[in-house]
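Take a look at the letters that make up each chain.
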Amino acid sequence: MSREDLTKFILPEEKIPKFWYNVQADMPTPLAPGLHPGTKQPLGPADLAPLFAMGLIEQEVSTERYIEIPKEVRELYKKWRPSPLFRARGLEKALDTPCRIYYKYEGVSPVGSHKLNSALPQAFYNKIEGIKRLTTETGAGQWGTALSLACKLFDLECMIYMVRVSYNQKPYRRVAMEVYGGKCVPSPSNLTECGRAELAKNPDTPGTLAMAISEAVEDAVKREDTHYSLGSVLNHVCLHQTVIGQEVKLQMEMANDYPDVVIGCCGGGSNFAGIALPFIPDKMAGKKVRLLAVEPAACPTLTKGVFAYDFGDVAGFTPLLKMYTLGHDFTPAGIHAGGLRYHGDSPLVSQLYHDGLFEATAVMQNGVFEAAMLFAQSEGIVPAPESSHAIRAAIDEALKGKEEGVSRAIVFNLSGHGHLDLNAYDNYLTGHTEDVELSDAQIKASLKNLPIV
Ligand SMILES: *Cc1c(COP(=O)(O)O)cnc(C)c1O
């Protein structure tokens, strides 16, 4: 059998990357600094120390190209890494496309998504610095689940504020977090001052990630033994996720192929960064690889937002980050891809998009589920609604190739499985998923409260 006939590309354990790739060493425009939310002056490490472990703060600002993965973390990565790369032969056949479609499957992690790639090192660095408890927010529940497990493995307590709409839509996620020993409450909650204020104003709010972040940060700053942990957006999170793209490059070599386009869904940007960033040096050296981020039309941060300093949360507790944003008090519609309902985007992804190294597109919910169904029926894996945004774009690229009579190599990240999202599929199958697209007037309104810096 020739390599061209293979369907899956499996790397041996010793090929788990030994380093994370830090794109900050290679960016044409360096990142604009984070600003203190009060003084609006550039942040120093001391400003972040109440919230994050020093090991993570150092990674946040590092410009070293390669950062060594601690051996304790790499040992735990062995539970599921290297993750498989599949050639989507069933999907190619269903589409009758001349294109070669590949997907990297991060759903094989114990928690079912890419999130554990960063949850483990975050728990590790906090543990070795003597922290006893981590707080966090979660949208769809994937991040909370990953952090619950990571905290348990490093013997830390875990407190999770879960966006209310997802808490109600996905009850089994809460149970999964509790199985791993985490504590999970719907946000806004009455456990924090900012949560109580929001509930008083807006008792029926579906909640937002930005609100849940405010609660988790407030909780963390109030306690000496507690730090805060974020599952996306920040530089160190994108850094940890680069194990994905580094493995993909080796696996594409095994396949004797090289991508024309690399695709990831984009919420806060970490799984897209994870698969795409390791291709940046190739692209800067003149390779013609396209790197495409896919977001929901209901929360079109890159495609319709502005590149400006904004808060990461509703209450204005977090540093100001320069990123594509729809405004920190933007409340996206309650679409099923809860993990993509965030007003902002990773500063790294934003800067590289601004500089033309990344592309972005926005897709509607029903087209996403249609793609997810075709994928499940041709490849056998039920994808997470978030990941299905990448599938939609991959299918569109493959259909374009067919129309043009061109065979291209399309690689996408299947960031997680959808076994705990069957309620969302049920809604789709019974005709209850709406296509929501933001109007320009709504966007203008939600941008009016951008902070002035
Ligand atoms: C959280 C999540 C996302 C979105 O977050 P990013 O930081 O943009 O990757 C995408 N897919 C899955 C399965 C998720 O759990």
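The structure under discussion appears in the preceding block.
Residues numbered from 1 in each chain as written. Predicted model: local features only at pLDDT ≥ 70, side-chain atom pairs only at ≥ 80, totals over all residues. Heavy atoms only, no water.

Caption draft 1: Region of interest: the site of the ligand. In the vicinity of the ligand, 18 residues are found, and the nearest of them are Lys115, Ser232, Gly267, Asn271 and Ser415. Here His114 contributes a side-chain N or O atom positioned 3.2 Å from an oxygen atom of the ligand. A distance of 2.8 Å separates an oxygen atom of the ligand from a polar atom in the side chain of Ser270. Going through the elements one at a time, α12 (270-276) and α17 (385-404) are the ones with two or more residues in the shell around the ligand. Counted by class, the shell around the ligand contains four nonpolar, 12 polar and two charged residues. Of the domains in this structure, domain 1 (3-16 + 80-112 + 239-446) and domain 2 (50-69 + 115-235) are the two that each give at least three residues to the shell around the ligand. (Near = heavy atom within 4 Å. Polar contact = N/O pair within 3.5 Å; in protein donor to acceptor, adjacent residues only side chain to side chain. Helix = DSSP H or I, 4+ residues; strand = E, 2+ residues; numbered from the N terminus. Nonpolar A, V, L, I, M, F, W, Y, C, P; charged D, E, K, R; others polar. Domains from an automatic or database assignment.)

Caption draft 2: Spotlight on the environment of Gly245. Within the fold, Gly245 resides in helix α11 (residues 235-254). For the pair formed by Gly245 and Arg87, sequence separation is 158 residues and the distance between their alpha carbons is 16 Å. Once residues lying within four places of it in the same chain are set aside, the contact partners of Gly245 are Gly274, Ile275, Pro278 and Phe279. (Contact = heavy atoms within 4.5 Å.)

Caption draft 3: Here's a closer look at the sheet that holds strand β4 (residues 85-87). Taken together, the seven strands give an open sheet; going across it, the order is β1-β4-β5-β15-β10-β11-β14, and neighbouring strands pair in mixed fashion. Two strands bound the open sheet, and with one partner strand each, they are β1 (8-9) and β14 (359-363). Summarising the sheet, strand β11 (residues 290-296) and β14 pair through five bridges and their orientation is parallel. Bridge pairing links Ala293 to Ala360 in β14. In the packing of α17 onto the sheet, contacts are made with β5 (100-105), β10 (261-265), β11, β14 and β15 (409-414), and the angle to β10 comes to roughly 150 degrees. (Pairing = 2+ DSSP bridges. Axes fitted to C-alpha atoms, helices over the stretch in contact; angles between N-to-C directions.)

Caption draft 4: Layout of the nonpolar core. In this structure, Trp20, Tyr77, Leu116, Leu277, Leu291 and Phe358 are the most contacted members of the largest nonpolar core, which totals 69 residues. Both domains that meet at this core, namely domain 1 (3-16 + 80-112 + 239-446) and domain 2 (50-69 + 115-235), each give it at least three residues. If we ignore the near neighbours within four places in the chain, the residues touching Phe358 are Phe272, Ala276, Leu277, Ile280, Leu291, Val349, Leu352 and Tyr353. Core analysis: the second largest hydrophobic core is formed by 31 residues, Phe86, Ile391, Ala393 and Ile395 among them. (Core = buried A, V, L, I, M, F, W, Y, C linked by side-chain atoms within 4.5 Å. Buried < 20%, exposed > 50% of the residue type's maximum accessible area, 1.4 Å probe, protein only.)

Caption draft 5: Layout of the state of the cysteines. This structure, assessed with the given rule, holds zero disulfides. Counting only cysteine sulfurs, Cys151 is the nearest neighbor of Cys158, a cysteine outside any disulfide, at a range of 4.0 Å. Residue classification places Cys158 among the buried positions, given a relative accessible area of 7%. Cysteine Cys238 shares no disulfide, and the gap to the nearest cysteine sulfur, in Cys266, comes to 8.8 Å. (Disulfide = S-S within 2.5 Å.)

Caption draft 6: Structural context of the sheet that holds strand β9 (residues 226-228). The parallel open sheet is built from four strands, whose spatial order is β8-β7-β6-β9. With partners counted over all chains shown, the strands left at the sheet margins are β8 (183-187) and β9, one partner each. The average angle at which neighbouring strand axes cross in this sheet is 25 degrees, direction not considered. Relative to strand β7 (residues 157-163), strand β6 (residues 133-138) runs parallel, the two being bridged by six bridges. When the sheet's bridge partners are listed, Thr136 is paired in β7 with Ile160. Running at roughly 170 degrees to β7, helix α8 (residues 171-179) makes contact with β6, β7 and β8 of the sheet.

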